[in-house]
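Listed below, chain by chain, are the residues.
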Amino acid sequence: MPIRFLLTTMLAALCASAHAQKESVVLDMETKMPVSGVVVTVNNAVTSQLLTNYRGLFLLPAAADSIVLGHPGYESLRLRRAEVTDTILLLRKYQALREVVIYGSMPSVGFSMGKLREQLRKEEELTPRAVPLATFDFFSVFSAKKRKKTRERLKAIENY
């Protein structure tokens, strides 16, 4: 009989000590992924701060009446011991614009021949002109001066 009493007492003590420390995990509210590096401040004391591990886990001490969860990318969360559950969700901070003003002009719908001519002139000025490599004029074949100049050019090319 005393062994049963001893085992029951030890089991009750073990359960009480296990209940004293509470394990919680901190998750992102949107993605449900663990958040590591969350600073858990116990009882508003800077000296008793905890950090969550890579899985978002931390152990809440038995003496904790309230905790404050803080992370640079998330909103701070203050909880009493009764409100602490095994899963705590943190909300991300978002930067919102107050007012956005957009200015614009309405495009003209009509068709203008004057503007079309101006655009064609500008395009014509910018496009390179094609220079033919060889030209042939049928009537220049019958001109004696032209034949003489052609012979002189051919001699110049040969002597070059």
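In this report, the structure presented in the accompanying data block is examined. Positions within a chain are numbered from 1, following the residues in the order the chain's sequence is written. pLDDT decides what is reported in this predicted model: residues at 70 or higher carry local features, side-chain atom pairs at 80 or more are listed and counted, and totals for whole chains, interfaces and linings draw on all residues regardless. The side-chain figures draw on all heavy atoms in the structure; neither hydrogens nor water molecules are used.

1. Details of the pattern of salt bridges
Then, number 1: Definition used for salt bridges: Asp or Glu carboxyl oxygen within 4 Å of a side-chain nitrogen of Lys or Arg. In total, this model carries two salt bridges according to the counting rule given.
Then, number 2: When the shortest N-O distance is used, the salt bridge between D28 and R92 registers 3.1 Å. Taken together, the residues span a long stretch of sequence, with D28 in strand β1 (residues 22–28) and R92 in the loop between β7 (87–90) and α2 (113–126) at a distance of 64 residues.
Then, number 3: Relative accessible area serves as the criterion here: at 2%, D28 is assigned to the buried category.
Then, number 4: Residue exposure (1.4 Å probe, protein chains only): buried if accessible area is under 20% of the type maximum, exposed if over 50%, otherwise partly exposed. Taking relative accessible area as the criterion, R92 reaches 36% and is therefore assigned partly exposed.
Then, number 5: In this structure, the salt-bridge partner of R80 is E83, at a minimum N-O distance of 3.4 Å.
Then, number 6: Residue classification places E83 among the partly exposed positions, given a relative accessible area of 35%. We count a stretch as a helix when DSSP gives it H or I for four or more residues in a row; a strand needs E for two or more, and each element gets its number in order from the N terminus.

2. Remarks on the nonpolar core
Then, number 1: Nonpolar cores were defined as sets of buried Ala, Val, Leu, Ile, Met, Phe, Trp, Tyr and Cys residues, with membership established by side-chain atoms within 4.5 Å. Among the nonpolar cores identified, the biggest contains 15 residues, and F58, I67 and L69 are the most heavily contacted of them.
Then, number 2: Listing elements by their share of this core, those giving two or more residues are β2 (39–42), β4 (57–60), β5 (66–70) and β7.
Then, number 3: Contacts are residue-level and defined by heavy atoms, with any inter-residue pair within 4.5 Å sufficient. Non-local contacts of I67, meaning those with residues more than four positions away in its chain, are made with V40, T41, V42, F58, L60, L77, R78, L79 and V84.

3. Remarks on the pairing of β2
Then, number 1: Any two strands are treated as partners once DSSP identifies two or more bridges connecting them. Sheet topology places β2 next to strand β3 (residues 49–51); three bridges connect them, and they run antiparallel. Bridging across to β3, T41 finds its partner in Q49.
Then, number 2: One ladder, built from four bridges, connects β2 with β5; its direction is antiparallel. Paired with V42 across the bridge in β5 is I67.

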